[in-house]
Structures are given as C-alpha cells and as structure tokens.
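Structural features, examined
Spelled out, the chains give:
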Amino acid sequence: MSETLVSINRLFKIFGPGAQNALAHLRQGADPAQLFARHNWSVALNDISLTVNRGEIFVLVGLSGSGKSTLLRTVNRLIAPSDGEIYFNGAAMSALSDAELIALRRHDMSMVFQSFALLPTRTVLDNAAFGLELAGVDVRQRHRQAMAVLEQVGLAQVARQLPYQLSGGMQQRVGLARALAVNPTLLLMDEAFSALDPINRREMQDLLLDLQAQRQRTLIFVTHDIEEALRIGSRIAIMEQGKVIQIGTAEEIINAPANAYVRRFFSGIDTSRYVLAENFAGAFGHPATEGAHDHTF
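Model, not experiment: these values are computed from the prediction.

1. Looking at the overall build of the protein
Per the secondary structure count, the protein includes 13 helices and 10 strands. Over its C-alpha trace the protein gives a radius of gyration of 20 Å, about what one expects of a compact globule, namely 19 Å for 297 residues. Referenced to the eigenvectors of the C-alpha coordinate spread, the extents of the protein come out at roughly 55 × 55 × 35 Å. A separation of at least 24 residues holds for 69% of the contacts in the protein among residues at least 6 apart in sequence. Entry remark: accessible area of the protein is about 14100 Å², with carbon and sulfur atoms responsible for 49%. Between the centroid of the 27 positive side chains of the protein and the centroid of its 29 negative side chains there is a distance of 6 Å.

2. Re the nonpolar core
Residues Leu-150, Leu-176, Met-189, Ile-226, Ile-236 and Ile-238 are the most contacted members of the largest nonpolar core, which totals 54 residues. The dominant element in this core, judged by the number of residues it contributes, is helix H8 (residues 168–181), at 6 residues. Discounting residues that sit within four places of it in the chain, Ile-236 has contacts with Val-59, Val-61, Ala-229, Leu-230, Gln-246, Ile-247, Gly-248, Ala-250 and Ile-253. Counting residues in hydrophobic clusters, the runner-up holds 26 residues, among them Val-52, Leu-60, Val-75 and Ile-86.

3. Quick notes on the packing of aromatic side chains
Within this structure, the stated rule accounts for 2 aromatic pairs. Note on Tyr-261 and Phe-265: the rings are 5.2 Å apart at their centroids and 90 degrees apart in plane angle, and the pair reads as edge-to-face. Separated by 4 residues within a single helix, Tyr-261 and Phe-265 lie in helix H12 (residues 260–265), roughly one turn from each other. Neither Tyr-261 nor Phe-265 differs from the other in exposure class; each is buried. Between Lys-13 and the ring centre of Phe-15, over which it is positioned, the NZ or CZ distance is 4.9 Å.

4. As for the pairing of strand E1 (residues 4–15)
Here 8 bridges tie E1 to strand E2 (residues 42–53), and the two strands are oriented antiparallel to one another. Bridged to Leu-11 within E2 is Ile-48.

5. A short note on the side chain of Asn-46
With respect to the helices, strands and loops of the structure, Asn-46 is situated in strand E2. Asn-46 gets classed as buried once you look at its relative accessible area, which sits at 8%. In contact with Asn-46, other than residues within four places in its own chain, are Leu-11, Phe-12, Leu-26, Pro-32, Gly-242 and Lys-243.

6. Some points on the sheet that holds E2
One open sheet accounts for 4 strands, arranged E2-E1-E4-E5; its pairing is antiparallel. Each having just a single partner strand, E2 and strand E5 (91–92) make up the two edges of the open sheet.

7. Points about the packing of helix H7 (residues 139–152) against H8
Where H7 contacts H8, the two axes come as close as 9 Å, and the packing angle between them is 130 degrees. The orientation of H7 with respect to H8, classified from their angle, is oblique. Crossing angle aside, the handedness with which H7 passes H8 is right-handed. Note on element contacts: H8 touches H7 through Ala-177, Leu-180 and Ala-181, opposite Gln-145, Ala-146, Val-149 and Leu-150. For the contact of H7 with H8, the class distribution of residues is 6 nonpolar, 1 polar and no charged.

8. Concerning H8
What sets the pattern is the α-helix's 3.6 residues per turn: residues three or four places apart point alike. Counted at 1.5 Å a residue, the expected span for H8 with its 14 residues is 20 Å, and the 20 Å between its end C-alpha atoms agrees. Here H8 lies mainly inside the structure; 12 of its 14 residues are buried. Here H8 has its buried residues at Gly-169, Gln-171, Gln-172, Arg-173, Val-174, Gly-175, Leu-176, Ala-177, Arg-178, Ala-179, Leu-180 and Ala-181. Here the buried face of H8 lies against strand E6 (109–112), helix H5 (124–128), helix H6 (130–134), H7, strand E7 (186–190) and helix H9 (198–214).

Calculation rules
- Residues numbered from 1 in each chain as written.
- Predicted model: local features only at pLDDT ≥ 70, side-chain atom pairs only at ≥ 80, totals over all residues.
- Heavy atoms only, no water.
- Helix = DSSP H or I, 4+ residues; strand = E, 2+ residues; numbered from the N terminus.
- Rg over C-alpha atoms; globule rule 2.2 N^0.38 Å.
- Contact = heavy atoms within 4.5 Å.
- Areas by Shrake-Rupley, 256 points an atom, 1.4 Å probe, with all protein chains shown as cover.
- Lys, Arg positive; Asp, Glu negative; His and termini not counted.
- Charge placed at Lys NZ, Arg CZ, Asp CG, Glu CD.
- Core = buried A, V, L, I, M, F, W, Y, C linked by side-chain atoms within 4.5 Å.
- Buried < 20%, exposed > 50% of the residue type's maximum accessible area, 1.4 Å probe, protein only.
- Phe/Tyr/Trp six-rings, centres within 6.5 Å; stacked < 30°, edge-to-face > 60°.
- Lys NZ or Arg CZ within 6 Å of the ring centre and 35° of its normal.
- Pairing = 2+ DSSP bridges.
- Axes fitted to C-alpha atoms, helices over the stretch in contact; angles between N-to-C directions.
- Parallel < 35°, antiparallel > 145°, perpendicular 65-115°, else oblique.
- Left-handed = near helix turned anticlockwise from the far one by under 90°.
- Nonpolar A, V, L, I, M, F, W, Y, C, P; charged D, E, K, R; others polar.
- Expected span 1.5 Å × (residues − 1).

Geometric values such as these leave the question of function open.
Pasting the structure below:
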C-alpha cells in the first residue's frame, strides 16, 4: 500500500477584497463567475482534496487559469490558502512557525520554475550548490554534493562556466541540479520545461524519468501539456477553473475521461502510446510485468 506524503484537504484560495466572505457562498454552491462579477472575488482554488504518494510523479495539468500553479505554490505556502489544510509527512503546514517553514523549504522541499532563475555572476557549480549554501552547508561539502548532481544531469564538464555560456536546455538542467542537490523529500516543478524547444523538452523529460528510475523521488509537476503529463506522470490530476475534475493514471483517464473537458485534452493525440504494456501482454495470455511504470513503449 502506498504511503501518503502530501494530503490536501478541502483547500480554497480566493483573491480579492474581503475574499474570506466568499467561502460561505462557495460552500452553498455559488457560481465563481457570479462571485467575480458581483464582488470581484477571484476563486483560484475551489474545495480541492487529493493525496500525493511517496515516490510518485504527480502531475497537475490544465489550461491557463485552471489553478494548477496556485495549487502547487500552496504546498510550500508560497501562497497561503484561504481555507483548508495541507499535511506534509502528517504535519499540518498551517501549524508551522516561520522558522520551521523556512527550514522545511531549505531541507525538505525544492522548487524548479519555468524561468531558469540562475545567478548570472556565479558558476554552474555555485548555482547548483546555492540551496546548500542557504542551508548552511560548508563550501567543500556543498561543492561535493553539487558536483555529484551535476554529473547525474550531464553537466560536470561545464561546472566552472557561467550561465550565459550555456544553452537554454543546459541552464534548465542546472536549475534541476540545484533543486536535487539538497536531496529534498518533495520536488515541486512549475511548468519547468515549458520554455524549452521541443527537442530539449523531450531530453529533460527523459532525464527526469532516468533520474526517477535511479532513485524514486516524490514530485508534483505542473504542465499545460497533456502529452507531457501522460509521458511522465504516475498519476495525473486534471484541473478546470480551480477544481480538480479527475485524478488517475494515464490509462484510467484515457479509458474513462470524466467529461467533455477531459476528452478535449486528447484531441489529436495517439493515446495508444500511453497505455500500459502489461495490458497488451495480458491480452495475449502473458503475465503482467510486476512493478511496470513507464507509459510508453
């Protein structure tokens, strides 16, 4: 049985003046569009509950404005929810002091953004070691750990270069290395590959899957690209207008989409590439491969 790392319970986030007053209306079934028109209350997250298991890549996918990035940022409380609770390792995030929250972000949660956010005057090595520096790790140790991760992502040979000397794909690898160097319990990735060209994007997806095969980490990954979600996700949550419409594996969502909104994501996609190979083996009387994870074959 999978162990839960993150549990989100009845989460709301409303922006606007007097936004707390919107909660009662929402719980009574009010239409978020009407609340915005009448009160200028913008409902970003509307009664979301879900769990993320240890060792899985949990993908949040949706169109622009669906609330996926807002939801991701509530997990480490870069955005404080209006109501509801997030539990990390069984502990309520709202109960943490400021100091405890900072320590959690430095040691247990790392984040990779769409923008590479590298420090331009620091070498690749020092950029990769930056989180460790913030955590108070001495220079020799942090350089050792950062170099080990740079080797994992194929950048050891450029460790002494500056970010401007690297391609976009290489810069994003540095961002990933920086996040991994602290050995986080949870890695949050917000449209991390969206700024890359298709070839580099595919390479980064391959790298992420390779790293996951070497050592299972827990990731929450935000994307607007359903093919990316199908390719890398252990489970996928599809969002629309602040609500989670469906959660499931790639196969579950492809075979039984919850509604027309979900079906629209698969328009023009060859979904046969994303079903589990063991189902085909089973159809021919062969036993399923135990522990199979990869959706593509």
